[in-house]
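# Breakdown of the fold
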Amino acid sequence: MNTSKLDCFKHVFILGTIVLSFIVLPACSKKSSLAGPDSAGGQLAAKDIYVAVNGNDSNPGTLDKPVNTIKKGLELVTPGFTVFVRTGTYKEKVVFPKSGRKDKVITLKPYQGEKAVISGEGLSVSGSEALVTMNGVSFVAIEGMDVCNFKTSAAWVNVDGIVVKGGSTNVTLRKNRVYNIENNAAAEMGRSGHAIHVIGNTDVVMTKILVEENEIFDCNTGYSENLTVNGYVDGFEVRKNKIYNGENIGIVAAGGYAANTNPALNYVRNGIIADNEVFNIDGKTGPISAFKDHNGAIGIYVDGARNIIVERNLVRDCGRGIGIVSETDNFPTQECVVRNNLVYNCALAGIYLGGYIGYTGGGTNNCYVVNNTIYHNSKDLGYFNEVEGEVRLTENCNNNVINNNIICPRADRGVFINKQVLGGTNNVITNNLYYSQGLNIWRWDNIPYTDFNLWKAACGGDAGSVSGTDPQFVNTVAFDFHLKPTSPAKNTGGVTSALVNGTTDKDGQTRIVNNLISKGAYQ
């Protein structure tokens, strides 16, 4: 990676062979319509299946006669029923072999009150491989499982905790703990992994994908990400997850990479990334040479995707906070809304728009950055020894709106908004509250302004913003950024619409009250 590209990093997705499994059920009477064939060609009654470490795969899978492997449990279960896994560690690669049906989901989960662990300890990794695979299946769910300890030191392999691919739809990943998924290869570009990987890699659209309330931590993902949605995915929700102590990127919705061979299908669209907590994402711990001196790892990243809502998230102590950026030519990030988020204490920019400087033709178009609280980011200098600022705009930013945000830089940094390069058109900035206890700096076309009126003239707008007024947070020492009743941010924002501003604030409280809205993440 040459010095002109130090401001960028690149995803590489190594795809394995796609194998679609089709389960053909025999004709049967209404009474046995949920039954499936057993290994002897007979019929199994529709029922929940139980797995235990002291079971036997020749057992029928009842509570008192459980099977021994999750693989066998999933083979035996019928649509509408659950594979219950008893306490213990199961060292096996799990593949969902069949689909459920509408209103008859197949679920894999621990037995009530017990802890079940799917472990990759001692298992090999070949090509692109996951510990849990959902390939070409629908109406399936995995809930409450630990998925962990799947590791490799081999270059040019991809190691995943959970992968969903092959046109799978109506898939739920809920309340799982995914950790110690590690690619520890020394080679920079040969190191890839994901804790959870949703990849639309066929011409069959993936939709109704729900990833919620999972905990992802201590994963070494190399140049890839902890939670990835990539390729032909149209309709997903990533919400209420906690992601921390990871490399490179926390959450990404991506387009333009090697996920799908058809460019028209090769980007994520129509998704929601909401109510997640992302912290301690540190690119310096990985092999990427550009990150050795600078932590550019983004907490929540929309990269070449379209029509994505990023709302009510907490992002802190990452490389960068939230990015609506594009790394790839011909795949700009478009029609996205970043609203009602709290972003603080990141190494570089708090919220980042545009393409990487001097790298690609990607950019950011027709997006909104509204009602966010952005506080004390840019702890470190950027790749060009600059202060990236609380809000940063780079290559090819067009028709974006930055509105109703509370923007508070560190006293010794002082950069509120940094439009770092020439170019870009029709970007509207207004109704923000700027407050610094030290330096006051805005940059437009890489020219710094310390006078607020000169800044407004330079950017051609920002008439509705105020500067130098304390927003009156409840307690910044405790990172409580709620507003005091006397705050000048209270009910002084500009209402665009519920579609843009959202219906609820960071706390889930009503966002617009009597056609009034406050600045920042909290009403």
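See above for the structure.
The rules we used
Residues numbered from 1 in each chain as written. Predicted model: local features only at pLDDT ≥ 70, side-chain atom pairs only at ≥ 80, totals over all residues. Heavy atoms only, no water. Helix = DSSP H or I, 4+ residues; strand = E, 2+ residues; numbered from the N terminus. Rg over C-alpha atoms; globule rule 2.2 N^0.38 Å. Buried < 20%, exposed > 50% of the residue type's maximum accessible area, 1.4 Å probe, protein only. Contact = heavy atoms within 4.5 Å. Lys, Arg positive; Asp, Glu negative; His and termini not counted. Charge placed at Lys NZ, Arg CZ, Asp CG, Glu CD. Core = buried A, V, L, I, M, F, W, Y, C linked by side-chain atoms within 4.5 Å. Phe/Tyr/Trp six-rings, centres within 6.5 Å; stacked < 30°, edge-to-face > 60°. Lys NZ or Arg CZ within 6 Å of the ring centre and 35° of its normal. Polar contact = N/O pair within 3.5 Å; in protein donor to acceptor, adjacent residues only side chain to side chain. Salt bridge = Lys/Arg side-chain N within 4 Å of Asp/Glu carboxyl O. Disulfide = S-S within 2.5 Å.

On to the overall build of the protein, then. What the protein contains, in helices and strands, is three helices and 46 strands. By the compact-globule yardstick of 24 Å for 523 residues, the protein fits well, its C-alpha radius of gyration being 24 Å. C-alpha extents for the protein along the principal axes are approximately 80 × 55 × 40 Å. By the burial criterion, 59% of the 523 residues in the protein qualify as buried. In the protein, 76% of the contacts between residues at least 6 apart in sequence involve partners at least 24 apart. With 47 positive and 48 negative side-chain charges, the protein shows a separation of 5 Å between the mean positions of the two kinds.

So, about the nonpolar core. A general tendency of soluble globular proteins is for nonpolar side chains to be buried together. Core analysis: the largest hydrophobic core is formed by 94 residues, its most contacted members being Ile-70, Phe-236 and Trp-455. The residues touching Phe-236, leaving out its near neighbours within four places in the chain, are Ile-209, Val-229, Ala-253, Val-268, Arg-269, Asn-270, Gly-271, Ile-272, Ile-273 and Ile-308. In this structure, Leu-342, Phe-473, Leu-483 and Ala-489 belong to the second largest nonpolar core, which totals 14 residues.

We now examine the packing of aromatic side chains. What the rule picks out here adds up to 20 aromatic pairs. Ring plane angle 85 degrees and centroid distance 5.6 Å describe the contact between Tyr-434 and Trp-442, whose orientation is recorded as edge-to-face. Look at Trp-442 and you get buried, because its relative accessible area is 1%. One aromatic cluster is present, formed by Phe-416, Tyr-434, Trp-442, Trp-444, Phe-452 and Trp-455 through successive ring pairs. Here Arg-316 stacks its cationic end above the ring of Phe-279, 4.2 Å away from the centre of that ring.

Topologically, Thr-373 is positioned in strand S34 (residues 373-375). Expressed as a C-alpha distance, the spacing of Thr-373 and Thr-469, which sit 96 residues apart in the sequence, is 15 Å. Apart from residues no more than four positions distant in its own chain, Thr-373 is found in contact with Asn-341, Leu-342, Val-343, Ile-406, Phe-473, Phe-481, Gly-520 and Ala-521. A distance of 2.9 Å separates the side chain of Thr-373 from the backbone nitrogen of Ala-521, its partner in a polar contact.

On to the pattern of salt bridges. By the definition in use, this model includes 25 salt bridges. Glu-114 is paired through a salt bridge with Arg-86; the nearest N and O atoms lie 2.7 Å apart. Here Arg-86 lies in the loop between strand S4 (82-85) and strand S5 (88-90) and Glu-114 lies in the loop between strand S7 (106-110) and strand S8 (116-119), a separation of 28 residues in the sequence. A residue is classified by how much of its surface remains accessible, and Glu-114, at 24% relative accessible area, is partly exposed. Here Arg-86 falls in the partly exposed class, since its relative accessible area comes to 24%. The salt bridge partner of Arg-174 is Glu-212, with a shortest N-O separation of 2.5 Å. Of this pair, Arg-174 sits in strand S13 (residues 169-174) while Glu-212 sits in strand S16 (residues 209-212); the two residues are 38 residues apart in sequence, bridging distant segments of the chain. On the accessibility criterion, Arg-174 (22% relative accessible area) is partly exposed. A single network of salt bridges, built from pairs that share partners, joins Lys-109, Glu-143, Arg-174, Glu-212, Glu-237 and Arg-239.

Now for the state of the cysteines. Note on terminology: a disulfide is the covalent bond linking the sulfur atoms of two cysteines. Considering all chains together, one arrives at zero disulfides under this definition. Its sulfur unpaired, Cys-397 is 8.9 Å from the next cysteine sulfur, which belongs to Cys-367. For Cys-397, a relative accessible area of 1% corresponds to the buried category.

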